[in-house]
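# Descriptive structure summary
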Amino acid sequence: MSAPSRDEARAALARFAAGGTLVSLAPHPTGLINHSWLAALESSGTRKRYLLQQINRHVFRRPAEVLENMQRITSHLEARLAREGVGDATRHVVPLVPTREGALGHVDERGETWRLLPWVEGTRCVERAATEAEARETARAFGLFARRLSDLPAPPLHLTIPAFHDTAARVRALERVVAEDSAGRAAACHSETCALLDRRALATELVATAGGGALRVRPVHNDAKITNVLFDVASGAALAVVDLDTTMPGLVAHDFGDLVRSAVSDSEEDERELSRVGVRLGFFGALAEGYLAGIGGAIEPTERDGLVTGALVIVYEQAVRFLTDHVDGDRYYRIARAGHNLDRARAQLALLVSLERARPELERIVGAAAGRSGSPR
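Conventions and cut-offs
- Residues numbered from 1 in each chain as written.
- Predicted model: local features only at pLDDT ≥ 70, side-chain atom pairs only at ≥ 80, totals over all residues.
- Heavy atoms only, no water.
- Pairing = 2+ DSSP bridges.
- Helix = DSSP H or I, 4+ residues; strand = E, 2+ residues; numbered from the N terminus.
- Axes fitted to C-alpha atoms, helices over the stretch in contact; angles between N-to-C directions.
- Parallel < 35°, antiparallel > 145°, perpendicular 65-115°, else oblique.
- Nonpolar A, V, L, I, M, F, W, Y, C, P; charged D, E, K, R; others polar.
- Buried < 20%, exposed > 50% of the residue type's maximum accessible area, 1.4 Å probe, protein only.
- Arc of directions from axis to C-beta.
- Contact = heavy atoms within 4.5 Å.
- Core = buried A, V, L, I, M, F, W, Y, C linked by side-chain atoms within 4.5 Å.
- Salt bridge = Lys/Arg side-chain N within 4 Å of Asp/Glu carboxyl O.
- Polar contact = N/O pair within 3.5 Å; in protein donor to acceptor, adjacent residues only side chain to side chain.

### What to know about the sheet that holds strand 9 (residues 238-241)
Across the sheet, three strands lie side by side as 6-8-9; this open sheet has antiparallel pairing. Unpaired on one side and paired on the other, strand 6 (123-124) and strand 9 mark the two borders of the sheet. As paired elements, strand 8 (residues 229-232) and strand 9 share three bridges and run antiparallel to each other. Paired with Phe231 across the two strands is Ala238, which belongs to strand 9.

### Considerations on the packing of helix 10 (residues 307-327) against helix 11 (residues 340-373)
Following both chains from N to C, one finds helix 10 and helix 11 inclined at 170°, their axes separated by 8 Å at the closest point. Regarding the angle of helix 10 to helix 11, the classification is roughly antiparallel. Here the residues of the contact of helix 10 with helix 11 are counted per class, giving 17 nonpolar, five polar and five charged.

### Digging into helix 5 (residues 190-197)
Inspection of helix 5 places Glu192, Thr193, Ala195 and Leu196 among the buried residues, and these make up the whole buried set. One face of helix 5 carries all of its buried residues, which in axial projection span an arc of 160°. When the buried face of helix 5 is taken as reference, the exposed residues oriented beyond 90 degrees from it are His190 and Ser191. Buried positions along helix 5 lie against helix 4 (167-180), helix 10 and helix 11.

### Re the pairing of strand 5 (residues 113-118)
Side-chain direction in a regular strand flips from residue to residue, so the side chains alternate between the two faces of the sheet. Taken across its six residues, strand 5 has five buried, putting it largely inside the fold. Examined bridge by bridge, strand 3 (residues 46-54) and strand 5 share five bridges and lie antiparallel to one another. Note that in strand 5 the partner of Gln53 across the bridge is Arg115. Looking at chain direction, strand 4 (residues 106-107) and strand 5 are connected through two bridges and run antiparallel. Note on strand 5: the bridge partner recorded for His106 is Trp114. Counting the residues between successive antiparallel strands, the hairpin from strand 4 to strand 5 contains five residues, one of them, Gly111, with a positive phi of roughly 85°.

### Focus on the nonpolar core
Residues Phe284 and Tyr291 are the most contacted members of the largest nonpolar core, which totals 96 residues. At 13 residues, the largest contribution of residues to this core is made by helix 11. The contacts of Phe284, once residues within four sequence positions are left out, are Phe256, Val260, Val264, Val279, Val308, Leu362, Ile365 and Val366. Judged by nonpolar contacts, the second largest core, of 13 residues, contains Ala9, Phe16, Leu25 and Tyr50.

### Focus on the pattern of salt bridges
Summed over all chains, the structure comprises 34 salt bridges. With its nearest N and O atoms 3.5 Å apart, the salt bridge here joins Glu180 to Arg176. Of this pair, Glu180 and Arg176 both sit in helix 4, four residues apart, which is roughly one turn of the helix. On the accessibility criterion, Arg176 (43% relative accessible area) is partly exposed. Between Asp330 and Arg185 there is a salt bridge, with the nearest N and O atoms lying 2.8 Å from each other. Separated by 145 residues along the polypeptide, Asp330 in the loop between helix 10 and helix 11 and Arg185 in the loop between helix 4 and helix 5 bring together distant segments of the chain.

### Quick word on the side chain of Asn228
Relative to the elements of secondary structure, Asn228 occurs in the loop between strand 7 (218-220) and strand 8. For Asn228, the side chain forms a polar contact with the main-chain oxygen of Asp223, separated by 2.9 Å. Among residues more than four places away in sequence, those in contact with Asn228 are Phe142, His221, Asp223, Ala240, Val241, Val242 and Asp243.

### Digging into the sheet that holds strand 5
Strand order in the open sheet formed by five strands is 1-2-3-5-4, with antiparallel pairing between adjacent strands. Among the strands making up the open sheet, the edge pair consists of strand 1 (21-27) and strand 4. With six bridges joining them, strand 1 and strand 2 (residues 35-43) adopt antiparallel strand pairing. From the neighbouring strand, Ser24 faces strand 2, where its bridge partner is Ala40. The sheet strands contacting helix 1 (residues 6-13) are strand 1, strand 2, strand 3, strand 4 and strand 5, and the helix crosses strand 1 at an angle near 135°.

And the structure:
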């Protein structure tokens, strides 16, 4: 997918009902999937900023369904906030700006889909949780997000990426690319492959934990990490969960697992010094406390019992995905150096081993946090 030109972005922006004179339009490094531009428009002396995005249709094959999901989610959240008496919903929900014709998005002459979102002023994004308090606030935001969507009316949201967390299918893909070995890399990562395939039981453990499929399928974010939360600059409070493209039916254990994977270790995702990779129990406790406080009584006992399993499964799944891409010749993830995806897989595997060793303590921490939050036990 080639990057759109500034002229294409400007033409797309003109199709939206934002109003005002264009002051500036520049690429914005938001995320790794969609192409984004930050636009500033001025009207009657007032300047407003917007985020213009071209949806990556190679990742999201049905962009219209992504937009439909966003419209349903943000409208529901606005109604929930009104019922809860939360003031200034514009700082807690980021809705779509319609086109001049009233559509959710604009499809250009090349068939690319664009959307426009208001920029929430006075907020900041964070790359990594620097403190336990920041981790707790991040998790609280995602727990609250799940709680507020727990009564989203039927029908279910569209599956914007089918089988997104089908861990067993990810394992089968690893086995396939290792057998094909098209890039000639399988032999050099044999030990990592064996370590992951030996843990294949993790692929179905969430279902087993719930007693044969009793986990509730509900709207969840599916990319729960601190970079997808807007924090208030003045107070430090988490205001809004953003980047809703993957919000679709799923498991709360997957969201909690993403939180753990992205925040529990004081290391980078591609850390080469594996001795630095490991579980910080204080950060894990903060994530558990925050998530359970946010979701409150909307979580079911079987869901709560699956949170630690979710952490192991998500870390395992991501290790499998990184190793699969490495063996397959780096076709999916962007890399900055040779062996980058192998480094990522090794770091995830090291984190998984740390989680496995700490599992009894992690279960105890979740149980204690559940008691303090009043969530079902």
